[in-house]
Amino acid sequence: MGSLSAAASESLPPLPYPPARRDESVVDDYHGVRVADPYRWLEDPDAEEVKEFVERQAALTDSVLARCEERERLRLQITALFDHPRYSTPFKRGGKYFYYHNTGLQAQSVLYVQEDLDGEAEVLLDPNILSEDGTVALSIASVSKDGRYLAYGLSKSGSDWVTIKVMRIDDKTPESDTISWVKFSSVSWTLDGKGFFYGRYPPPEEGVELDAGTETKINLNHELYYHFLGTHQSEDILCWRDQEYPKYIFGVYVTNDGKFALLHITEGCDPVNKLYYCDLCSLPNGLEGFRGSNEMLPFVKLVDNFEARYSAVANDDSEFTFLTNKGAPRCKLVRVDLKEPDLWTDILPEHERDVLESAYAVNGNQILVCYLRDVKHILQIRDMSTGDLLHCLPLDVGSVSGISARRENSEIFISFTSFLSPGIIYRCNLATEVQEMNIFREISIPGFDRTEFDVKQVFVSSKDATRLPMFTVSKKNLKLDGSNPTLLYGYGGFNISLRPSFHVSRVVLARNLGFVFCLANIRGGGEYGEEWHKAGSLSKKQNCFHDFIAAAEFLVSNNYTNPKRLCIEGGSNGGLLVAACMNQRPDLFGCVLAHVGVMDMLRFHKFTIGHAWTSDYGCSDNEEEFHWLIKYSPLHNIKRPWEKSSGQSCQYPPTMLLTADHDDRVVPLHSLKLLATMQYLLCNSVENSPQTNPIIARIDRKAGHGAGRSTQKLIDEAADRYSFMAKALGASWIV
């Protein structure tokens, strides 16, 4: 059960796994429970022994991929379909329009500027000229309100670390400003265009050489600064920090009228924040008065607890409209006057079913709201004063992937995507009597015909009878005979919703290999609001695994596929998801692709930003939470399935763990320790082991958690993992 097809088994014999040292002396005591950690040494990325382990595993993986016949055909076909122009939602600042554009196979998208929509666009910043291999990405782009300056952030090799620089837009002249050690930050300009707020961590100790992004040190003591243009970073104003709470992260939003700086304080990944404000107009000498001073900005505490989320939509002087989930798990709009901070009024109450995902002030006194209804987006224009519905904007079944709207403008841009639509950008003028969604740009892909495919939404009953939505994408006239190769994707965490979106590689799988692609919307995500999220977190995390397993069982029982032809895939929290399900039901799957997963649930909080995830997982430092985590932690729940089975054929499915050397979000040690443990327990420690299915890792170089990855790296990884999957499931090319 859960093994390769006969054809694939013949060509992928049992692998000679390189031995990895086990240090049996490393044992931790968790509240009286002793837990061994024999591969603790794999946590040091700079150790020569770790580098040797990585190289030997990479060579092993290369030998497996060399046997995957569809690898080059996948690479060529994915490359061909990737080679189409792509555009971002344009945004307007200082009378100019800005947008990103990729001609097709450029490593990184290029930032363009144009004076008006009918004028010729000019390249403002091309990150492709900043590295030979396309590994420098433009991760932040913030234009001052007057349109004179661009503050942009560059990240290298996929790391979360960002270096901010400044450019004068009119003549594209770079300024001398350089701001380092920025992470988890936006850039928010003050109205006068003299500078901006940003967040950073303290720099490493002097004399310490660091390949930023490969370190595992915990990120603590985030600080908020203000930078004046033309000055050295050492002169920046320290606006806020909280040494009593080193895990806090700070972000500032300057209101559109320039009067207030709103300080958002978060500690974990829950949709909750503290909210302070500073009246910039009341500062006697402005921000300049704090230069050379040790005094921080006089922020006033409006909300000083982590009970709910507050996100500003608009303000009229001291009267603010916020989007919040306070007493409303599906969110609502509220209003408060800073002069009367105890009086909050509902403007747009929580919907009985739909989730209010975002709201934008537009066209003076209107609000563009975006709802999620059964994982499909709905757009409405409402009156800002009353919340009353004015118009519904027509939208196909799919997802809003971008919105560009400002209160002073009647013109809005909306980007749309779906499983079969690579992208449409709509332009709508709200000043006209009839609001029409006019197509501004529509992306077309030569050789792709959407009419060849079917998209359906089905609902699955989980173990506790909870109703779960799932999308299926396939070629038309799919035969439900239980033989279709099938890819099931999931996430289920951190209030993140998986919505319909276009992926070239998935189209290729469906068209050229006959796959059914399935997207399961399980608990832990945000598809139905905060209650849905909480139902798959902390002590209820097992619900996520029950849901995903139920989705897989649905596909089998309804004759979409069978276990030998079913692959599961997920990344980050989704990597944890598929690894946990693999441990719990190795018989149900024919292949597993686990990207950058959180695999060591007892130690994740000790590395980089892992401490922020305790809001979803809990923490092993707490006895009750330790007992939640040890039950499903992928690293600690690998069992030999044949010892529980009457037959010798039950084994783990072919498994590929994917990670990258500059992933400083979920550091590579998670995948490396799981890899070493699986290879030892299932293979190297057992004479004539029944585990003949391969267990390998794809370890990318000069890449991170996923953001900023070059086009070629995206293509290469897709060809590698999906050719491995095709081999595992016995899927062959359809001419």
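Look up a bit, the structure's there.
Residues numbered from 1 in each chain as written. Predicted model: local features only at pLDDT ≥ 70, side-chain atom pairs only at ≥ 80, totals over all residues. Heavy atoms only, no water.

*Asks:* Help me understand the environment of I414, please; the structure alone is not making it clear to me.
*Replies:* In this structure, I414 sits in strand β29 (residues 411-418). I414 sits in the buried class, given a relative accessible area of 0%. Spatially, the C-alpha atom of I414 lies 27 Å from that of V458, the residues being 44 residues apart in sequence. Excluding residues within four positions of it along the chain, I414 makes contact with T89, L379, L393, V400, G402, I424, I425, Y426 and M437. (Helix = DSSP H or I, 4+ residues; strand = E, 2+ residues; numbered from the N terminus. Buried < 20%, exposed > 50% of the residue type's maximum accessible area, 1.4 Å probe, protein only. Contact = heavy atoms within 4.5 Å.)

*Asks:* Please explain helix α7 (residues 573-584) as it appears in this structure.
*Replies:* Residue pairs spaced three or four apart in an α-helix point in one direction, given the helix's 3.6 residues per turn. With 12 residues, α7 extends 17 Å between its outermost C-alpha atoms, agreeing within 8% with the 16 Å of an ideal straight helix rising 1.5 Å per residue. The buried fraction of α7 amounts to 11 of the 12 residues, a majority that puts the element mostly inside the structure. (Expected span 1.5 Å × (residues − 1).)

*Asks:* Explain the packing of helix α4 (residues 504-513) against helix α11 (residues 711-729) here, please?
*Replies:* Two quantities define a packed helix pair, namely the angle between the axes and the distance from one axis to the other. In contact at an axis separation of 11 Å, α4 and α11 are set at 35° when each is read in the N-to-C sense. Between α4 and α11 the crossing geometry is right-handed. Here S505, L509 and L513 of α4 come into contact with α11, specifically with A718, Y722, M725 and A726. Of the residues belonging to the contact of α4 with α11, the class tally is six nonpolar, one polar and no charged. (Axes fitted to C-alpha atoms, helices over the stretch in contact; angles between N-to-C directions. Left-handed = near helix turned anticlockwise from the far one by under 90°. Nonpolar A, V, L, I, M, F, W, Y, C, P; charged D, E, K, R; others polar.)

*Asks:* Got a minute to help me understand the pattern of salt bridges in this structure?
*Replies:* Any two side chains of opposite charge can pair, on the condition that their charged atoms come close. Scanning the entire structure with this criterion turns up 52 salt bridges. R40 is paired through a salt bridge with D37; the nearest N and O atoms lie 2.6 Å apart. We classify D37 as buried; its relative accessible area is 6%. In this structure, E52 engages R56 in a salt bridge whose closest nitrogen and oxygen atoms are separated by 3.8 Å. Here the residue E52 and the residue R56 both occupy positions in helix α2 (residues 48-65), the gap between them amounting to four residues, near one helical turn. Relative accessible area serves as the criterion here: at 47%, E52 is assigned to the partly exposed category. Each of D28, D37, R40, E43, D600, R603 and K673 takes part in one network of salt bridges that share partners. (Salt bridge = Lys/Arg side-chain N within 4 Å of Asp/Glu carboxyl O.)

*Asks:* Help me understand the side chain of R523 in this model?
*Replies:* Here R523 is to be found in the loop between β35 (516-520) and α5 (530-534). A polar side-chain atom of R523 sits 2.8 Å from a polar atom in the side chain of D547. Apart from residues no more than four positions distant in its own chain, R523 is found in contact with S462, D464, T466, G492, W532, A535, G536, N543, C544 and D547. (Polar contact = N/O pair within 3.5 Å; in protein donor to acceptor, adjacent residues only side chain to side chain.)

*Asks:* Would you explain the sheet that holds strand β38 (residues 655-660) in this entry?
*Replies:* Two pairing modes exist for strands in a sheet, parallel and antiparallel, and in both the strands are linked by backbone hydrogen bonds. One open sheet accounts for eight strands, arranged β32-β33-β35-β34-β36-β37-β38-β39; its pairing is mixed. The two strands at the open ends of the sheet, each matched to only one other strand, are β32 (453-461) and β39 (695-700). Adjacent strand axes in the sheet meet at a mean angle of 20°, parallel and antiparallel pairs treated alike. Where strand β34 (residues 486-489) and β35 come together, four bridges link them in parallel fashion. Bridge assignment links L487 to a residue of β35, and that residue is F517. Contacting β36 (566-571), β37 (591-595) and β38, α7 crosses the sheet at an angle of about 145° to β36. (Pairing = 2+ DSSP bridges.)

*Asks:* Would you explain unusual backbone geometry in this entry?
*Replies:* Generally, phi is negative for residues other than glycine and the peptide bonds are trans, each holding for most cases. In this model, H31 sits at a positive phi of 55°, which is unusual for a non-glycine residue. Mapped onto the elements of the fold, H31 is located in the loop between β1 (27-30) and β2 (33-36). Assessed through its relative accessible area of 33%, H31 is described here as partly exposed. Here the phi dihedral of A465 falls at roughly 75°; this positive angle occurs in a residue that is not glycine.

*Asks:* It is not clear to me how the pairing of strand β21 (residues 319-324) should be interpreted in this structure. Could you clarify?
*Replies:* Here is the key point about a regular strand: its side chains alternate between the two faces of the sheet. The element β21 is extensively covered by neighbouring structure, given that five of its six residues are classed as buried. Linking strand β20 (residues 310-316) back to β21 in an antiparallel pair, the connection comprises two residues, with D317 at a positive phi of about 55°. Note that β21 and strand β22 (residues 332-337) share six bridges and pair antiparallel. Residue F322 lies in a different strand from β22, and its bridge partner there is V334.

*Asks:* Got a minute to help me understand the packing of aromatic side chains in this structure?
*Replies:* Here the distance between the centres and the angle between the planes together describe a pair of aromatic rings. Scanning the model with the defined rule gives 36 aromatic pairs in all. Ring geometry for Y248 against F250: centres 6.4 Å apart, planes inclined by 85°, an arrangement best described as edge-to-face. You can call F250 buried: its relative accessible area is 3%. Ring centres of F260 and Y277 lie 6.1 Å apart, and the angle between their planes is 75°; on these two criteria the pair is classed as edge-to-face. Of this pair, F260 sits in strand β17 (residues 260-266) while Y277 sits in strand β18 (residues 274-279), and the two are 17 residues apart along the sequence. The exposure class of F260 is buried, given its relative accessible area of 5%. (Phe/Tyr/Trp six-rings, centres within 6.5 Å; stacked < 30°, edge-to-face > 60°.)

*Asks:* Please explain the environment of R427 as it appears in this structure.
*Replies:* Assignment of secondary structure puts R427 in strand β30 (residues 421-429). Sequence separation of R427 and M601 is 174 residues, and the distance between their C-alpha atoms is 46 Å. Other than its neighbours up to four places away in sequence, R427 contacts L117, E411, I412, F413, E436, M437, N438 and F440. A distance of 2.7 Å separates a polar atom in the side chain of R427 from a polar atom in the side chain of E411.

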